[in-house]
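What follows is the residue order along each chain.
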Amino acid sequence: MAKDLSEEDAAADIPVAGYDGPVGGWGSAEGMAKVAKTARSSPGALQTLKRQNKPGGYMCCSCAWAKPPNPHVAEFCENGAKATLWDLTTARCGPDFFRDHKVSDLVTWEEHDLERQGRLTHPMRYDAASDRYVETSWDEAFAAIGAELRRLDPKKVTFYVSGKAGLEASYLYGLFARAYGHTNLPDSSNMCHETTSVGLKKVIGSPVGTCVLDDLEHCDMIIHVGQNPGTNSPRILHPFQKAAERGCHIVAINPLREKGLLEFANPQNPWQMSLGAPTEISDRYLQVRTGGDIAALTGIAKHVLALEDTDGGVLDHAFLAEHCAGLDEWMDWVRATPWGRLEAVSGLSRAEMEGVGTLYARSKAVIGIYGMGVTQHVHGSDAIGALVNLLLLRGNIGRKGAGCSPVRGHSNVQGQRTVGITEKPKLVPNDKLREMFGIEPPEEPGWNTVEFVEALLAGQAQGYVGLGGNLARAVPDQDRVTEVWGRMPLTVHIATRLNRTHLMPGRSAWLLPCLVRSEEDLQNGTSQQITMEDSFSHIYGSIGKREPASPHLKSEVAIVAGLAAATVQANPRLAWDDWSGDYVQVRSLIEATYPDEFHDFEARMNQPGGFYRGNPARERVWKTETGKAQFTVPADLDATGLADGDGVYRLMTLRSNDQFNTTIYGMSDRLRGIEGDRMLVMMSPDDIEAEGLRPGQRIALTGAADDGVPRRVDGLRIVAYDLPRGCIAGYFPELNPLSPLSRHDLLSKTPASKGIPVRLA
Ligand SMILES: Nc1nc2c(c(=O)[nH]1)N[C@H]1C(S)=C(S)[C@@H](COP(=O)(O)OP(=O)(O)OC[C@H]3O[C@@H](n4cnc5c(=O)[nH]c(N)nc54)[C@H](O)[C@@H]3O)O[C@H]1N2
Ligand SMILES: Nc1nc2c(c(=O)[nH]1)N[C@H]1C(S)=C(S)[C@@H](COP(=O)(O)OP(=O)(O)OC[C@H]3O[C@@H](n4cnc5c(=O)[nH]c(N)nc54)[C@H](O)[C@@H]3O)O[C@H]1N2
Ligand SMILES: [Mo]
């Protein structure tokens, strides 16, 4: 596709789509070797990988995909291996490094260059006079942060969590916030699957998916919407491959033709590797327009209704009558919605939607899987509703081989919500907390991520503690946030590696370095386990064995407990020190607070595949307002809520194959055939031509939201890519200055990172 490259551009080896190999396969072995090299991983790191995702081992710190009860010899993927190797680097970012560099210089470095400095080794305090982070002791850090927190109004302090910390640290963190006096507990989930927590809950009464791993072995159709498995959850491709081989239909709905959804060679299958014959994964690929999913799924459903009218026997009438509400109103709306509208908004032909509808009507057990392409829209909750509408028609929720399955992001993001990381008091048993600890948890809602950023921009936010994450880079309106972040009187980061948010210090600013999951966590001479929950609501233990990167590191549990003890009024029932010395005690607190989910926690957490914490919707018990599964008539057929025309493009901000969120491992987006550069915009060749541009040229994008805020990113190289017209794509977090904070899912406030209105400049 690369036409008309200038000499200079051609010499720069411009990325243009064209990776020919399948996902998995030898390409991923090479990818891993490359990362092992860049990460400068320590001796034995590759051996350590053998313990990844195994019972009695440690759980991968990358995605939240299930850890099967009978794991492969190597139960990890290219990207999971990268994440672990990155943690196990020999590079160290200690006091010497900070002595050599001023913070105001470091903040101009690229994320990748900061990360390459390696693991943080010592607790550090910001010294404004020299504009440097200087070495401190844990005692000094805890005492000073505690004193600052006691001076501040708790209601103006935020405790963020990034989705990785285990259940023990997360439980204590939520308890710390409530004992101190706030519920400003935004989680990375607020930028991610909060749409699921709220939108899926609204329609089926469950904030999490209804499937378990075994369902993938019994479905005969998978509808896979807006998720990129080859990069973001590669182990999902094993069950997909097996499903495809047994004849299960896999339908992908995605504006990009993602390699992982097209074909896959299993690197754990030497026979297939040596023959080099990948499995074709999707048998239908609907290249929907950005935000076109509500229309596409409704079109498919409209055809299912038509088949019922002509042939009969298509709908599951018994299920609909017993279990569903809102069907008639929804059917009236579908019938009144003309095909022309569905085609225009989805960008698909009627025949394409009908084809999938026919397949669906014939399939016995169907799973709907989705990711950020669905959740990160202004009408993301309605898009989830549209998928659920379709599943309900044939009773595809709450039986074997069927269900609705969001693919979660961070490895323990779902679990953090389960144990009380939420700004919503009604989701936590406050009575129990009162009784167990004699504290008065606030009863009014706290801030989620968008509300925290609004408060920050308004000068209201006074203190920030981050349990992981790189929040100033991950949120919308990055430039505006960067400008004001350091005005907070207190900024504290519990982190493994340096990132740019750390380099926007408040008046009192601290870096507290912690262990990673594969490292041994010794407390009182005993090696401690932690636990986490995956996308399928299974909970397992994880135990690290590696020697920590520095003797000065503390565990996340110990840091949270240390901060809490220094902040919250002494109370014999808040035994922070005892708890951080023995995580079994923390697990018994979790069990006492949530007995339904966590009974026999200690005994069950090491069973192969983890234990299932249950889900009423799976049993067809609907904890919704009506007590039934709810059909949804969407507020808008277009999930972006944008009008077309006027030179406005819909920008999708995506992950490359060489990053974990804001952690950039390298410049390769291998599966999309893009190498060497992240400052780019993917665009359809027809749009490039119509705009009088050429591939390789650098352009700027400007914001097109009508809120009067100027937004602009310069220096983006045009890459010709197979995309629907009017839809463009580029990388997160580089393009976050273009994302308006005001555009978010209407129900859950998840930022609309996928339908960002922009113009070419
Ligand atoms: N290696 C690696 N693994 C990761 C992460 C990582 O950064 N790197 N991040 C983790 C986290 S926190 C998360 S949340 C997940 C994210 O995993 P994904 O949900 O896969 O997120 P994205 O990379 O944002 O990709 C979204 C997909 O949706 C498609 N898409 C965009 N807009 C639309 C739309 O309007 N409709 C449809 N149907 N599709 C659309 C894009 O083409 C892309 O394929 O991955 C987790 N796993
Ligand atoms: N435009 C746009 N914006 C997005 C998205 C998008 O698709 N488009 N996706 C959104 C999504 S889905 C998410 S989840 C967020 C991600 O937002 P965050 O979760 O805030 O970002 P991460 O990049 O995952 O955080 C990385 C940092 O965490 C720290 N860290 C790494 N491992 C550990 C650990 O084990 N413990 C501790 N304590 N710290 C650790 C390191 O310092 C590292 O620099 O971004 C969101 N923002
Ligand atoms: Mo995420």
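Residues numbered from 1 in each chain as written. Chains lettered and ligands numbered in written order. Predicted model: local features only at pLDDT ≥ 70, side-chain atom pairs only at ≥ 80, totals over all residues. Heavy atoms only, no water.

In the annotation of an unreviewed UniProt entry, the entry for the protein reads FdhF/YdeP family oxidoreductase, and the organism field reads Paracoccus rhizosphaerae.

S.K.: Explain the site of ligand 1 residue by residue, including any values.
M.R.: Of all residues adjacent to ligand 1, which total 31 residues, the nearest are Asn 254, Glu 258, Gly 291, Asp 293 and Asn 661. Within the side chain of Glu 258, a nitrogen or oxygen atom sits 2.6 Å from an oxygen atom of ligand 1. Here ligand 1, which alone exposes 920 Å², has 99% of that area covered by the protein. Among the secondary structure elements, those contributing two or more residues to the shell around ligand 1 are helix 11 (229-232), helix 20 (372-375), strand 24 (649-654) and strand 25 (659-660). Looking at which domains feed residues into the shell around ligand 1, each of domain 1 (7-17 + 649-760) and domain 3 (194-407) gives three or more. (Near = heavy atom within 4 Å. Polar contact = N/O pair within 3.5 Å; in protein donor to acceptor, adjacent residues only side chain to side chain. Areas by Shrake-Rupley, 256 points an atom, 1.4 Å probe, with all protein chains shown as cover. Helix = DSSP H or I, 4+ residues; strand = E, 2+ residues; numbered from the N terminus. Domains from an automatic or database assignment.)

S.K.: An account of the pattern of salt bridges is needed here, citing residue identities and associated values.
M.R.: Taken as a whole and judged by the stated rule, the model has 38 salt bridges. Glu 602 is the salt-bridge partner of Arg 587, the closest N and O atoms lying 2.7 Å from each other. Placement of Arg 587 in helix 29 (residues 583-593) and of Glu 602 in helix 31 (residues 601-604) is noted, with a sequence separation of 15 residues between them. A residue is classified by how much of its surface remains accessible, and Arg 587, at 3% relative accessible area, is buried. Connected via shared salt-bridge partners are Glu 78, Lys 82, Asp 658 and Arg 670. (Salt bridge = Lys/Arg side-chain N within 4 Å of Asp/Glu carboxyl O. Buried < 20%, exposed > 50% of the residue type's maximum accessible area, 1.4 Å probe, protein only.)

S.K.: Could you give me a rundown of the packing of helix 15 (residues 293-310) against helix 19 (residues 350-362), with the residues and numbers involved?
M.R.: In contact at an axis separation of 8 Å, helix 15 and helix 19 are set at 60° when each is read in the N-to-C sense. By the angle between their directions, the pair helix 15 and helix 19 is classed as oblique. Crossing angle aside, the handedness with which helix 15 passes helix 19 is right-handed. In this structure, helix 15 contributes Ala 295, Ala 296, Gly 299, Ile 300, His 303, Val 304 and Leu 307 to the contact, and helix 19 contributes Met 353, Glu 354, Val 356, Gly 357, Thr 358, Tyr 360 and Ala 361. (Axes fitted to C-alpha atoms, helices over the stretch in contact; angles between N-to-C directions. Parallel < 35°, antiparallel > 145°, perpendicular 65-115°, else oblique. Left-handed = near helix turned anticlockwise from the far one by under 90°. Contact = heavy atoms within 4.5 Å.)

S.K.: Account for the site of ligand 2, naming residues and giving values.
M.R.: The local shell around ligand 2 holds 32 residues, among which Tyr 160, Lys 164, Glu 556, Thr 662 and Asn 736 are the closest. In this structure, a nitrogen atom belonging to ligand 2 sits 2.7 Å away from a side-chain N or O atom of Glu 556. Between Thr 653 and ligand 2, the recorded distance is 3.0 Å, taken from a side-chain N or O atom to a nitrogen atom. Against a free-state accessible area of 930 Å², the protein chains account for coverage of 96% of ligand 2. Here the residues of the shell around ligand 2 are counted per class, giving 10 nonpolar, 16 polar and 6 charged. (Nonpolar A, V, L, I, M, F, W, Y, C, P; charged D, E, K, R; others polar.)

S.K.: Describe the pairing of strand 21 (residues 538-542), naming the residues involved and giving the relevant values.
M.R.: Taking burial as the measure, the 5 residues of strand 21 include 5 buried ones, the bulk of the element. Side chains of strand 21 alternate between two faces, with His 538, Tyr 540 and Ser 542 and Ile 539 and Gly 541 buried alike. With 4 bridges joining them, strand 20 (residues 530-533) and strand 21 adopt antiparallel strand pairing. Its bridge partner lying in strand 21, Glu 533 is registered against Ile 539. (Pairing = 2+ DSSP bridges.)

S.K.: Let's hear about the layout of surface pockets: which residues, and what values?
M.R.: In this structure, the largest pocket occupies an estimated 1200 Å³ of space. In terms of lining residues, the largest pocket is bounded by 36 residues, among which Lys 201, Gly 205, Ser 206, Pro 207 and Leu 427 are the most central. Elements represented by at least two residues in the lining of the largest pocket include exactly helix 10 (194-204), helix 22 (413-418) and helix 30 (595-598). Among the elements that line the lining of the largest pocket, the one with the most residues is helix 10, at 5 residues. (1 Å grid on protein atoms, 1.4 Å probe; cavity = no way out; pocket = protein on both sides within 12 Å on 5 of 7 lines; lining within 4 Å. Points joined across faces, edges and corners; volume = space filled by probe spheres on them.)

S.K.: Any details on the packing of aromatic side chains? Residues and values, ideally.
M.R.: Counting across every chain of the model gives 24 aromatic pairs. Consider the rings of Trp 65 and Phe 536, whose centres lie 4.9 Å apart with planes at 65°: the pair is edge-to-face. Separated by 471 residues along the polypeptide, Trp 65 in the loop between helix 3 (45-48) and helix 4 (78-87) and Phe 536 in the loop between strand 20 and strand 21 bring together distant segments of the chain. The burial state of Trp 65 is the same as that of Phe 536; both residues are buried. A centroid spacing of 5.8 Å and a plane angle of 75° characterise the contact between Phe 437 and Trp 579, whose relative ring orientation is edge-to-face. In this pair, Phe 437 is assigned in helix 23 (residues 430-437) and Trp 579 in helix 28 (residues 576-581), connecting sequence segments 142 residues apart. Here Trp 579 falls in the buried class, since its relative accessible area comes to 5%. Through a chain of ring-to-ring contacts, three or more aromatic side chains come together here, namely Phe 159, Tyr 173, Phe 176, Tyr 180, Phe 437, Trp 576 and Trp 579. (Phe/Tyr/Trp six-rings, centres within 6.5 Å; stacked < 30°, edge-to-face > 60°.)

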